[in-house]
Amino acid sequence: MASTNPFPEGIAKEQAFSMAQTEMEYRVELFNKLAQTCFNKCVDKRYKEAELNMGENSCIDRCVSKYWQVNGMVGQLLSAGKPPM
Amino acid sequence: MADSSAEPAGASSGSVGSDESSTQIQPIRMPTIEEIRAQEIWNNCAVKSVASGVMGGGLGLMMGLFLGALDNPIMHDTMTARQQFVFTAKQMGQRSWNSCKTFAVMGLVFSAAECIVEKARAKHDTTNTAIAGCVTGGSMSARGGPKAACIGCAGFATFSVLIEKFFDRHT
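Rules behind the numbers
- Residues numbered from 1 in each chain as written.
- Chains lettered and ligands numbered in written order.
- Predicted model: local features only at pLDDT ≥ 70, side-chain atom pairs only at ≥ 80, totals over all residues.
- Heavy atoms only, no water.
- UniProt positions renumbered as here; feature names shortened; annotations may be inferred.
- Domains from an automatic or database assignment.
- Contact = heavy atoms within 4.5 Å.
- Buried area = accessible area lost by both parts, 1.4 Å probe.
- Salt bridge = Lys/Arg side-chain N within 4 Å of Asp/Glu carboxyl O.
- Polar contact = N/O pair within 3.5 Å; in protein donor to acceptor, adjacent residues only side chain to side chain.

Per an unreviewed UniProt entry, chain B goes by the name Mitochondrial import inner membrane translocase subunit TIM22 and belongs to Eutrema salsugineum. Per UniProt, the comment on chain B under Subcellular location (unreviewed entry) is "Mitochondrion inner membrane".

You'll find chain A entered in an unreviewed UniProt entry as Mitochondrial import inner membrane translocase subunit, with Eutrema salsugineum given as the organism.

On to the domain arrangement of chain B, then. Residue and element names in this part refer to chain B. Split by domain assignment, chain B resolves into domain 1 (34-121) and domain 2 (125-170). Listed per partner, the contact involves eight residues of domain 1 and 13 residues of domain 2. Of the roughly 920 Å² buried between domain 1 and domain 2, counting both surfaces, carbon and sulfur atoms make up 72%. The tally of links from domain 1 across to domain 2 stands at one salt bridge. Residue aspartate 125 is joined to arginine 121 by a salt bridge in which the shortest nitrogen-to-oxygen separation is 3.4 Å. For the pair domain 1 and domain 2, the number of links is four residue pairs in polar contact (both at pLDDT 80 or more).

If you want it as structure tokens, here you go:
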């Protein structure tokens with residue numbers, strides 16, 4: 001375990017733990033926002049039946065795919081430094 | 001994620017009090033893998049349209065048998081009773097088979113069109129039903145020329161929208 005150190009050098013254990021915590025919070029927030037956005041966009045609020053019908057299914061597929069793509073792109077732009085204006 | 005874990009606790013505690021008077025509120029449960037697989041199967045356009053075609057064929061068979069039994073000429077002076085029975089049975093069978101084929105094609109085309117349109121639009125609407133009805137009616141009466149196709153399209157679209165609204169109100 002000591003030979004295969006998963007952390008890069010110079011990072012203590014507590015720091016890695018807090019980084020993991022931040023990452024986990026970010027993931028949870030992403031999931032909640034994604035589910036809420038796609039639910040608000042795709043599902044008809046009259047709730048006529050309990051199961052998702054086909055239109056809602058394909059809407060959710062497209063919504064999640066676009067959200068994920070945009071999230072990846074924005075993350076890349078932010079991590080590359082200043083956003084190109 | 002935080003909401004769904006709090007939901008079952010609240011629902012189960014709320015249902016204890018109103019147990020005798022009203023129906024119990026079921027706690028939220030995630031779908032099992034079999035339910036997900038079944039939903040995936042029924043989301044497939046081909047499977048859905050074939051199933052609708054088979055159901056339409058069954059309906060056509062019943063209707064053809066019934067209507068074929070209703071109107072057949074009774075000729076007792078040329079044939080015996082047994083010959084009459086055989087003749088009537090053949091007539092009924094022929095008519096019900098024709099009707100079965102017509103209704104099966106109608107069900108298949110309608111269901112396939114509605115499924116494809118709904119998947120493309122990603123919306124659940126009555127517009128899907130109207131477009132599917134138009135495609136079905138137009139394709140079935142396309143033999144009579146473009147004017148007959150237009151009339152068939154409009155007529156079948158109106159009919160299917162009315163049927164859809166009727167079923168929406170009564171279920």
